[in-house]
Amino acid sequence: MKNNASSPTTTNIKSIYKSSNMLSIDLAGIHLRNPLLLASGFLGISQEIFNRLYNDGLGAIVSKSISVSPLDGYKGPTVVSLGDKGYLNAVGLANPGSDVFAHEIMNNQIPLIVSIVGSSQSDFPKLISKFDKLNILGYEINLSCPHVAKMGMEVGDDPDLVTKIIKTIKSRTKKPVIIKVGIGNTDILKLATIIQESGADAITAINTIRAMIINVETGMPILSNKVGGLSGIPLKPIGVRCVYEISKKVDIPVIGCGGIFTWEDAIEYVLAGATAIELGSVIGYTGLKAFNQIKLGITKYLQKKDCKSIKEIVGLAHKY
Ligand SMILES: Cc1cc2nc3c(=O)[nH]c(=O)nc-3n(C[C@H](O)[C@H](O)[C@H](O)COP(=O)(O)O)c2cc1C
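Analysis parameters
Residues numbered from 1 in each chain as written. Predicted model: local features only at pLDDT ≥ 70, side-chain atom pairs only at ≥ 80, totals over all residues. Heavy atoms only, no water. Near = heavy atom within 4 Å. Polar contact = N/O pair within 3.5 Å; in protein donor to acceptor, adjacent residues only side chain to side chain. 1 Å grid on protein atoms, 1.4 Å probe; cavity = no way out; pocket = protein on both sides within 12 Å on 5 of 7 lines; lining within 4 Å. Sits in = over half its atoms within 2 Å of the grid points. Nonpolar A, V, L, I, M, F, W, Y, C, P; charged D, E, K, R; others polar. Core = buried A, V, L, I, M, F, W, Y, C linked by side-chain atoms within 4.5 Å. Buried < 20%, exposed > 50% of the residue type's maximum accessible area, 1.4 Å probe, protein only. Contact = heavy atoms within 4.5 Å. Helix = DSSP H or I, 4+ residues; strand = E, 2+ residues; numbered from the N terminus. pLDDT = per-residue confidence, 0-100. Pairing = 2+ DSSP bridges. Axes fitted to C-alpha atoms, helices over the stretch in contact; angles between N-to-C directions.

A.B. asks: I'd like to hear about the site of the ligand, residue by residue, with values.
C.D. replies: Contacts to the ligand come from 22 residues, most closely from Ser40, Ser65, Gly232, Gly259 and Ser281. Interatomic distance of 2.9 Å between a side-chain N/O atom of lysine 64 and an oxygen atom of the ligand. Residue glycine 232 places a main-chain N or O atom 2.7 Å away from an oxygen atom belonging to the ligand. Assessed atom by atom at 2 Å from the grid points, the ligand resides in the largest pocket. Across the shell around the ligand, the residue classes break down as seven nonpolar, 13 polar and two charged.

What follows is the structure, given as structure tokens:
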């Protein structure tokens, strides 16, 4: 066959193969073609969109957080774009509930992690029984949503409840269980230790942080819920600090999340100790092309540093 743009040369094939191997990771027993995951809450409830996101280059998808029953969420405004590339949101965990979502993903063929959220220990066995028989990689448990009463952060702030929830889930599934933490009232390092001791397989850090904005003309808080969660670029140094400290404290893998917009941001999280990273707000500003831009930047960085695999640089900042 003649070499042209649509038939890559042997050298090209080798280098594509090499670079894809460079980015592959193992996360809590799951093998992923690259470390880029969709963060929960972004485009996260349609199988068709999951397929599109995977085809556009992600290593895996994390769904929107799903509760046992449907949640309507708050009335608008629920999401405000901030000047400095971030969002303030109080969506209120709006989702279609576990029956509808399990039906949506019943023929899933891509690497999908289902994010689940509950208000009591008894919600979780119901959620696991809905999803465990489906073709999914595992679960991310949202114990850190900062703006819904009795869910998310209020659960994550209660160490005894966190232990009970993890043990309950682990006794009902063989799939990996990832716990998503944020900045609440309980010290994040104390929480990370409890999470590891309770048998979880990995930790995602961090969720949005409680924040608010006020319209100076009217004097009114802009979100209908008044307080929401801050995401995007302002979050990055806090996320990097959390990943750094958590990965020093525990042995289970850490997934970095918060303000990752460029390949440099991604590398920073990996150097801090992240095995994988999640992308959220960047999609709103850069679109889906962000995935390949970030992967290309990481690949070039690894080549420049003479590294054969991204695994070689996980937590490298710890040695200083
Ligand atoms: C509109 C919106 C909805 C979100 N929904 C969820 C959710 O359902 N579950 C969850 O664990 N995190 C949710 N998050 C938090 C993100 O997954 C992520 O932790 C956070 O946005 C920080 O990452 P980023 O700066 O890349 O956006 C949501 C964030 C936004 C902005």
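A.B. asks: Summarise the nonpolar core; cite the residues concerned and give the values.
C.D. replies: Across soluble globular proteins, nonpolar side chains have a tendency to be buried as a group. Ranked by internal contacts, the top residues of the largest apolar core, which has 93 residues, are Phe131, Ile195 and Ile246. Beyond its immediate stretch of four places on either side in the chain, isoleucine 195 contacts Val162, Ile166, Ile179, Val181, Ala200, Ile203 and Ile252. Residues Leu93, Val117, Cys145 and Val148 belong to the second largest nonpolar core, which totals five residues.

A.B. asks: Mind laying out the environment of cysteine 257, listing which residues take part and the relevant values?
C.D. replies: Tracing the backbone shows cysteine 257 in strand β13 (residues 254–257). For cysteine 257, a relative accessible area of 7% gives the class buried. Residues within four places of cysteine 257 in sequence aside, it is in contact with Ala39, Thr204, Ala205, Ile206, Gly239, Tyr269 and Glu278.

A.B. asks: Can you tell me about the confidence of the model for the protein chain, naming the residues and giving the values?
C.D. replies: With 94% of its residues at a pLDDT of at least 70, the protein chain reaches an overall mean of 93. Ignoring residues within four places in sequence, the model shows residues 1–14, a span with pLDDT below 50, making five contacts including any to other chains.

A.B. asks: Residue-level account of the sheet that holds strand β12 (residues 228–232), with values.
C.D. replies: Spatially, β5-β6-β12-β11 is the arrangement adopted by the four strands of the open sheet, whose pairing is antiparallel. A single partner strand is all that each edge strand has here, and the edge strands are β5 (79–82) and β11 (209–211). Strand-to-strand twist of the sheet, defined as the mean angle between neighbouring strand axes without regard to direction, takes the value 35°. Inspection of the sheet shows strand β6 (residues 86–89) paired to β12 by four bridges, in the antiparallel sense. For leucine 88, the partnering residue across the bridge sits in β12 and is leucine 230.

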